[in-house]
Amino acid sequence: MKTSDMMQETYMALSANKARSFLTILGIVIGISSVIAMIAIGEGAKGTIQNSIQSIGSNLILVMPGAQRGPGFQVSAGRGSARTLTQADADAIIKEITLAQAVAPEISGRYQVTAKGKNTNTSVVGTVPAYPAVRNIQIDQGDFISEQHLRGLSKVAVLGPTARDDLFGEGVQAVGQVIRVRGIEFKIIGITRTKGGGGFGSQDDMIFIPISTAQKFLAGDSYVTTISVQAKDSQSMAEIQQEITGLLLNRHNISDPQLADFNTLNQADIVAAASSVTQTFTILLAAVAGISLVVGGIGIMNMMLTTVTERTREIGLRKAIGAKRNEINFQFLTEAVALTFLGGLIGVILGWLISFGVTRLGILQTKVSLFSILLAFGVSAAIGIIFGYYPARRAAALNPIDALRYE
Amino acid sequence: MLEVKNVVKTYISGDGGQFQALKGVSFKIEDGEFVAIMGPSGSGKSTLMHILGALDNPTSGAYFFNDKNVADFSEDELADLRKNKIGFVFQQFNLLPRATVIRNVMLPLVYAEVEEKEREERATLALKAAGLEESRFEHRPNQLSGGQVQRVAIARALVNNPVLILADEPTGNLDTKTGKIVLETFQKLNQEQGRTIVLITHEREVAQHAGRVISIRDGELVNDAKTRV
């Protein structure tokens, strides 16, 4: 039997019972479209999370104070609350870690901030001129803190757009105005550009002041809360992380790395951790969708078994006029695969439409990957073969005379 | 052409009992013969026909087709034999209800992998030889009369140019007049194209059209005689 004849026979058999073929296909359509949509949504979520992590800066290593633990004692102060990193540590990193492109120590705290009778509670960050470059912040109006401000302990502030809106209202010219933090007046010299909500607290709701000013007037000591180190490229990140750890252990006179009183966070690790979380979710969603695919496959098998029973006499006749076992086998297998393939095609289109709709409605930026489409087609063809194999074999194994006598 | 030797066919019924449909039948049929196998219903003639058509195997004994034992054929060789050498006209016609007349007749050619153009020519020729008007070619079997359906079934048996045509009660469902026309068609095929024809019937008048009548009763051969010289 030629391939073109096989196609024609398949078309005739399937179109002879359109309603049943359609309902059988429906199971596969639902399965495939939900797999496509779920993977697209999962990929979209992963992309969104990665973007928000990247928005805090690129190739970033964060050094944060940890809990200091003495040997034998297992009393631990709250993580991050410890004051183990000093300005001197930051200076040492700037000096010794030559691979680092930029280093930006910061000291942050939450303060009540007032301006012209309005007030808000927000994060006040004392930092250095390198901060915007390291943490991916852009200036909208005015300037960021300069070296002169640092050296001169200037009482100047750069506001995030949310902090500006809270204190002055939207669209108000804030540069040149004055805010008060702990009774100290700061002159506003710049506004940063809106970044949108990041994964680690909004960087829009912040007030930046020179680190020297913050240490002297707000904190009253020279500890820092975070040192952001930017690597030249992603390859050198691990090496820089190692060097920083070595340098700080040495400076803090700690010989056992297990007892380190600080933590270094590699941005790549954060991305990897977040990715693995979304990956797990994607797999979970796809697995649920996969179950409906299996149910759809059983629907195909059910229909094919019914078809084989109904067409027993036809099979007997085909054998009586010279059809070989393989030809019968192949014919029924082709019917099953044609059903699933058609279902797969419609399912891909439907799944794509669903993810397009999700993106369009602004719920999530989805991404239909070529991989998931290929996977869907592969799976639907495989389902056709697996669930069509048994009915087809049963049909082909029929003895012609028994099949012809079948009532 | 073909020879059956001591053919026995035993059926095992659902409750384990045995029923012998054929109890050791032997005969030979030569090329170009027109043979009628006659017997009352239940005499085993249909079973014999299925064995001759390579659709069923004898329980014991042997069936030789062109001096080759059919029992030695593989499944694919049996399919080839049915496809190329034998044309079978079933009592129940067994046409595909959803296919047109011409498609039904072309079906054996599909399995023989004949070119599409040639298929249509050969199917048209076979249908004409079986005596069906061309205006019916695109009809479905359920739109035809019993006689017309019978002709389609005969045309399908002819389309592969088989050397042996087997017909199971070809006039059983027809009135006398149509039956006669069908039988004349067989006679013509036998005399003009030299094909070997074996038909089954339980009616003596039908058997008289053949050159030789083999009578069977209760699974045994009771008479084998030429009707005319």
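Residues numbered from 1 in each chain as written. Chains lettered and ligands numbered in written order. Predicted model: local features only at pLDDT ≥ 70, side-chain atom pairs only at ≥ 80, totals over all residues. Heavy atoms only, no water.

Space left empty within the atom packing is revealed by a probe, the size of a water molecule, rolled over the atoms. Residues and elements named next belong to chain B. Enumeration according to the criterion identifies 3 cavities of 30 Å³ or more in this entry. Considering only enclosed or pocket space, the largest cavity measures out at about 90 Å³ in volume. Contributing elements (two or more residues each) for the lining of the largest cavity: helix H2 (75–84), strand E6 (86–89) and helix H5 (146–158). Ranked by the residues each element gives to the lining of the largest cavity, the list is headed by E6, at 3 residues. (1 Å grid on protein atoms, 1.4 Å probe; cavity = no way out; pocket = protein on both sides within 12 Å on 5 of 7 lines; lining within 4 Å. Points joined across faces, edges and corners; volume = space filled by probe spheres on them. Helix = DSSP H or I, 4+ residues; strand = E, 2+ residues; numbered from the N terminus.)

On to the nonpolar core, then. Judged by nonpolar contacts, the single largest core of 73 residues is most densely connected at Phe27, Ile37, Leu52, Tyr63 and Val198 of chain B. Residues contacting leucine 52 of chain B, with those up to four places away along its chain left out, are Leu2, Val4, Phe27, Ile37, Tyr63, Ile86, Leu164, Leu166 and Val198 of chain B. (Core = buried A, V, L, I, M, F, W, Y, C linked by side-chain atoms within 4.5 Å. Buried < 20%, exposed > 50% of the residue type's maximum accessible area, 1.4 Å probe, protein only. Contact = heavy atoms within 4.5 Å.)

On to the packing of aromatic side chains. Residues and elements named next belong to chain A. Counted according to the given criterion, the structure contains 5 aromatic pairs over all chains. Site record: aromatic cluster; members linked through ring pairs are Tyr131, Phe144 and Phe208. One cation-aromatic arrangement involves lysine 155 over phenylalanine 217; the distance from NZ or CZ to the ring centre is 4.7 Å. (Phe/Tyr/Trp six-rings, centres within 6.5 Å; stacked < 30°, edge-to-face > 60°. Lys NZ or Arg CZ within 6 Å of the ring centre and 35° of its normal.)

Across all of its chains, the model carries 26 salt bridges over all chains by this definition. Between arginine 325 of chain A and glutamate 75 of chain B there is a salt bridge, with its nearest N and O atoms 3.0 Å apart. Of the two residues, arginine 325 of chain A is situated in helix H11 (residues 325–360) and glutamate 75 of chain B in helix H2; the pairing between them involves two chains. Using a relative accessible area of 33% as the deciding quantity, one classes arginine 325 of chain A as partly exposed. Close ionic contact of lysine 83 of chain B with aspartate 80 of chain B constitutes a salt bridge, the shortest N to O distance being 3.5 Å. With lysine 83 of chain B and aspartate 80 of chain B both in helix H2, this residue pair falls 3 residues apart, about one helical turn. (Salt bridge = Lys/Arg side-chain N within 4 Å of Asp/Glu carboxyl O.)

Moving on, we get to the packing of helix H9 (residues 267–310) of chain A against helix H12 (residues 370–396) of chain A. Residues and elements named next belong to chain A. Axis separation between H9 and H12 bottoms out at 9 Å; the angle between their running directions is 30 degrees. With respect to each other, H9 and H12 are oriented roughly parallel. Classified by chirality, the crossing of H12 by H9 is right-handed. Contacts between H9 and H12 pair Leu293, Val294, Gly297, Ile298, Met301, Met304, Leu305, Val308 and Thr309 from the former with Val379, Ile383, Phe387, Tyr390, Pro391, Arg394 and Ala395 from the latter. Within the contact of H9 with H12, the residues separate by chemical class into 13 nonpolar, 2 polar and 1 charged. (Axes fitted to C-alpha atoms, helices over the stretch in contact; angles between N-to-C directions. Parallel < 35°, antiparallel > 145°, perpendicular 65-115°, else oblique. Left-handed = near helix turned anticlockwise from the far one by under 90°. Nonpolar A, V, L, I, M, F, W, Y, C, P; charged D, E, K, R; others polar.)

All names here are of chain B. With mixed pairing, 6 strands are arranged side by side in an open sheet as E6-E7-E8-E3-E9-E10. The strands lining the two open edges of the sheet, one partner per strand, are E6 and strand E10 (220–226). For this sheet the average axis-to-axis angle between neighbouring strands, irrespective of direction, equals 15 degrees. In terms of strand pairing, strand E3 (residues 34–38) meets strand E9 (residues 212–217) through 4 bridges, oriented parallel. Residue pairing in the sheet places isoleucine 37 in a bridge with isoleucine 214 of E9. (Pairing = 2+ DSSP bridges.)

On the chain A side, the residues contacting the 27 residues of chain B number 27 residues. Here chain B packs against chain A, burying approximately 2,700 Å² in sum over the two surfaces, 50% of which is carbon and sulfur. Its largest share of buried area at the contact with chain A, chain B owes to Arg98, Arg103 and Tyr111 of chain B, together 28% of the area lost on that side. Taken together, chain B and chain A are joined by 7 salt bridges. Lysine 2 of chain A is the salt-bridge partner of glutamate 115 of chain B, the closest N and O atoms lying 3.3 Å from each other. Taken together, the links from chain B to chain A amount to 9 residue pairs in polar contact (both at pLDDT 80 or more). Elements represented by at least two residues in the side of chain B that touches chain A include exactly H2, helix H3 (101–111) and helix H4 (116–129) of chain B. Tallying contributions element by element places H2 of chain B first for the side of chain B that touches chain A, with 6 residues. Taken together, the residues of the side of chain B that touches chain A sort by class into 11 nonpolar, 3 polar and 13 charged. (Buried area = accessible area lost by both parts, 1.4 Å probe. Polar contact = N/O pair within 3.5 Å; in protein donor to acceptor, adjacent residues only side chain to side chain.)

Another aspect to go through is the sheet that holds strand E2 (residues 18–29) of chain B. Residue and element names in this part refer to chain B. Taking strand neighbours across the sheet as the criterion, the 4 strands line up as E2-E1-E4-E5 in an open arrangement whose pairing is antiparallel. Of all strands in the sheet, those with a lone pairing partner are E2 and strand E5 (68–69), marking the two edges. The pairing of strand E1 (residues 2–12) with strand E4 (residues 60–65) spans 5 bridges and is antiparallel. Across the sheet, valine 8 pairs through a bridge with serine 60, a residue of E4.

Structurally, chain A comprises domain 1 (3–52 + 273–405) and domain 2 (85–251). The C-alpha centroid of domain 2 of chain A is placed 56 Å from the C-alpha centroid of domain 1 of chain A. (Domains from an automatic or database assignment.)

Residue and element names in this part refer to chain B. A large share of strand E7 (residues 164–168) lies buried, amounting to 5 of its 5 residues. Relative to E7, E6 runs parallel, the two sharing 4 bridges. Residue glycine 87 lies in a different strand from E7, and its bridge partner there is isoleucine 165. When E7 meets strand E8 (residues 196–201), the two strands line up parallel, connected through 5 bridges. The residue of E8 that forms the bridge with alanine 167 is leucine 199. Read from E7 through helix H6 (residues 176–193) to E8, the crossover connection turns out right-handed. (Right-handed = clockwise from strand over helix to strand, strands pointing away.)

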